[in-house]
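# Inside the fold
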Amino acid sequence: MITFLLADERRILIILLMVVFVKVQKSKAYFSRYQVKFRRRREGKTDYRQRKRLCAQDKNKYQSPKYRLVVRFTNTQVICQIVYALIDGDRVMTQATSKELARYGLAVGLKNYASAYCTGLLVARRLLQKLGMDDIYEGNTEVDAEVVSTEYEKKTYFVEEVDEDRRPFRALLDVGCRATTTGCRIFGALKGAADGGLDIPHSEKRFPGYDRDAKEYDAEMHKERIFGGHVGEYMEYLEEEDNQKYQEQFASYLAESIEADGLEELYEGVHEKIREDPTAAEKKDFSPDKSFKKKAKLTHAERKARVQAKKDAKIAELEESDEDDDEE
């Protein structure tokens, strides 16, 4: 029968037959059982699958929490915190930000790989000083970018030596929702905290200088990144190729009289100063400016009088303009 119909009529008939058999994918039963995801998951802020594995502790550990090294990057700084979870929320033991590095002689480049390393080192030394373990676990004082680990009582600790009385402070890296690509700045903060004396499980596979195909790790390349060598190379390249762009892009470096040749020495000095005094600066008391006083609100009668005055002034102006036109 369909063969005797015109082409347009056949097409309409086929469409009608197809419409009849369309399956309802999301029915009333689906929506009645739909469960909304957690708010921070909807906002893309928390990976709960990751968080559960970082926070959940064995029941035979008797409420001993798992500690996390939380590393976050903003548009202006690096934030490192040592955090543990309780049932009513997280608790921060200590924290450090790259804005504090100005006290140690580094006021520019506060979110690159080298500053991430310095911030990780600062939070590690600050925590160990708070716990009275800074003399026991000094960390790696000579930066060589090698992964340090020690076997003790059939366990692996990522420190040079394990004290018999006090075990090293173990923390797990919390990267949040960032992609853990090879050479990411997050691992700069991890390396800084590990060199600062914390026991953080890691390997060299995500550090700069690791070749996945050859399965080889170039520690010298990583060391160069820790001391800002990649920044220095780009400064030299830009100065030769486009001096105007160099003056604009590295204006803050030039204002501090920082050149490409002096970056390694600068970061070495920052590392030494952090080890000498990792304590946080005293909080300054906030004193608001009380000289400013808000104008008193006008009453209803005053507002009406103000509007009437404007009307009278406008009427008088129009009358003057009309008189001038008549005289002409």
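In this report, we go over the structure that sits alongside the text. Predicted model only: the values in this text are computed from it and were never measured.

Conventions and cut-offs
- Residues numbered from 1 in each chain as written.
- Predicted model: local features only at pLDDT ≥ 70, side-chain atom pairs only at ≥ 80, totals over all residues.
- Heavy atoms only, no water.
- Phe/Tyr/Trp six-rings, centres within 6.5 Å; stacked < 30°, edge-to-face > 60°.
- Helix = DSSP H or I, 4+ residues; strand = E, 2+ residues; numbered from the N terminus.
- Buried < 20%, exposed > 50% of the residue type's maximum accessible area, 1.4 Å probe, protein only.
- Lys NZ or Arg CZ within 6 Å of the ring centre and 35° of its normal.
- Patch = residues over 30% accessible without salt bridge, like charges linked within 9 Å, V, L, I, M, F, W, Y side chains within 5 Å.
- Areas by Shrake-Rupley, 256 points an atom, 1.4 Å probe, with all protein chains shown as cover.
- Salt bridge = Lys/Arg side-chain N within 4 Å of Asp/Glu carboxyl O.
- Pairing = 2+ DSSP bridges.
- Axes fitted to C-alpha atoms, helices over the stretch in contact; angles between N-to-C directions.
- Contact = heavy atoms within 4.5 Å.
- Left-handed = near helix turned anticlockwise from the far one by under 90°.
- Nonpolar A, V, L, I, M, F, W, Y, C, P; charged D, E, K, R; others polar.
- Parallel < 35°, antiparallel > 145°, perpendicular 65-115°, else oblique.
- Core = buried A, V, L, I, M, F, W, Y, C linked by side-chain atoms within 4.5 Å.
- Expected span 1.5 Å × (residues − 1).

### Quick word on the packing of aromatic side chains
If you walk through the whole model with that rule in mind, you get 10 aromatic pairs. Between the aromatic rings of Y234 and F250, the centroid separation amounts to 6.1 Å while the plane-to-plane angle is 55°, which identifies the pairing as tilted. Within this pair, whereas Y234 is found in helix α8 (residues 229-241), its partner F250 is found in the loop between α9 (243-249) and α10 (251-255), the two being separated by 16 residues in sequence. The buried category is assigned to F250, whose relative accessible area is 6%. Against the face of F73 rests R185, its NZ or CZ located 4.3 Å from the ring centre.

### What to know about a nonpolar patch on the surface
A surface patch of nonpolar side chains, about 430 Å² in accessible area, is lined by Y30, F31, Y34 and V36. Following the sequence through the fold, F31 ends up in helix α2 (residues 28-32).

### Quick look at the sheet that holds strand β2 (residues 78-86)
Taken in spatial order, the four strands line up as β3-β2-β1-β6 in an open sheet, and their pairing is mixed. Across the chains shown, the open sheet's two edge strands, defined by having one partner strand only, are β3 (89-97) and β6 (172-174). Taken pair by pair, the neighbouring strands of this sheet meet at an average axis angle of 30°, ignoring direction. Two strands pair when backbone bridges link them, and strand β1 (residues 67-73) and β2 are joined in this way by seven bridges, in the antiparallel orientation. Along β2, the bridge assignment pairs L69 with I82. This element, helix α6 (residues 186-195), spans β1, β2 and β6 of the sheet and lies at about 140° to β1.

### As for the packing of helix α5 (residues 113-131) against α6
Viewed as axis vectors pointing N to C, α5 and α6 meet at an angle of 35°, and their least axial separation amounts to 6 Å. In the crossing of α5 with α6, the sense of the turn from one axis to the other is right-handed. On α6, the residues touching Y113, A116, Y117, G120, L121 and A124 of α5 are F187, G188, A189, K191, G192, A193 and D195. Broken down by class, the residue content of the contact of α5 with α6 amounts to eight nonpolar, three polar and two charged.

### Topic: the packing of α5 against helix α7 (residues 219-226)
Viewed as axis vectors pointing N to C, α5 and α7 meet at an angle of 85°, and their least axial separation amounts to 7 Å. Comparing the axis directions of α5 and α7 gives the class roughly perpendicular. For the pair α5 and α7, the contacting residues are Y113, A114 and Y117 in the first and H222, R225 and I226 in the second. Residues of the contact of α5 with α7, tallied by class, amount to four nonpolar, one polar and one charged.

### With respect to the nonpolar core
Membership of the largest hydrophobic core comes to 59 residues, with the highest contact counts inside it found for L69, V71, F169 and L198. Only β1, β2, β3, α5, α6, α7, α8 and α11 (263-276) provide two or more residues apiece to this core. The leading source of residues in this core is α5, at 11 residues. With residues up to four places along the chain from it excluded, the contact list for F169 reads Y67, I82, M93, L127, L128, L131, M133, L198 and D199.

### Points about the pattern of salt bridges
Under the criterion given, the structure shown has 13 salt bridges. The salt bridge involving D195 is made with K191; its shortest N-O contact spans 3.3 Å. One end of the pair, D195, and the other, K191, are both in helix α6, four residues apart, so they sit about a helical turn from each other. The class of D195 is buried, set by a relative accessible area of 2%.

### Overview of the pairing of β2
Two successive antiparallel strands, β1 and β2, enclose a turn made up of four residues. Linking β2 back to β3 in an antiparallel pair, the connection comprises two residues.

### Structural notes on unusual backbone geometry
Phi at Y62 takes a positive value of approximately 55°, unusual for a residue other than glycine. With respect to the secondary-structure elements, Y62 resides in the loop between α4 (48-55) and β1. In this structure Y62 comes out as exposed when scored by relative accessible area, which is 71%. For A145, which is not glycine, the phi torsion reads 65° and is therefore positive. Relative to the assigned elements, A145 resides in the loop between α5 and β4 (150-152).

### A few points about α8
Side chains three or four residues apart in an α-helix point the same way, a direct result of the helix having 3.6 residues per turn. The first and last C-alpha atoms of α8 sit 18 Å apart over 13 residues, in line with the 18 Å expected at 1.5 Å per residue. Buried within α8 are the following residues: G229, V231, G232, M235 and L238. Those residues of α8 that are buried lie in contact with α7, α9, α10 and α11.

### Details of the pairing of β1
If a strand is regular, its side chains alternate between the two faces of the sheet. Within β1, five of the seven residues are buried, which leaves the element mostly enclosed by the surrounding structure. Summarising the sheet, β1 and β6 pair through three bridges and their orientation is parallel. Counted as the bridge partner of R68 is L172 from β6.

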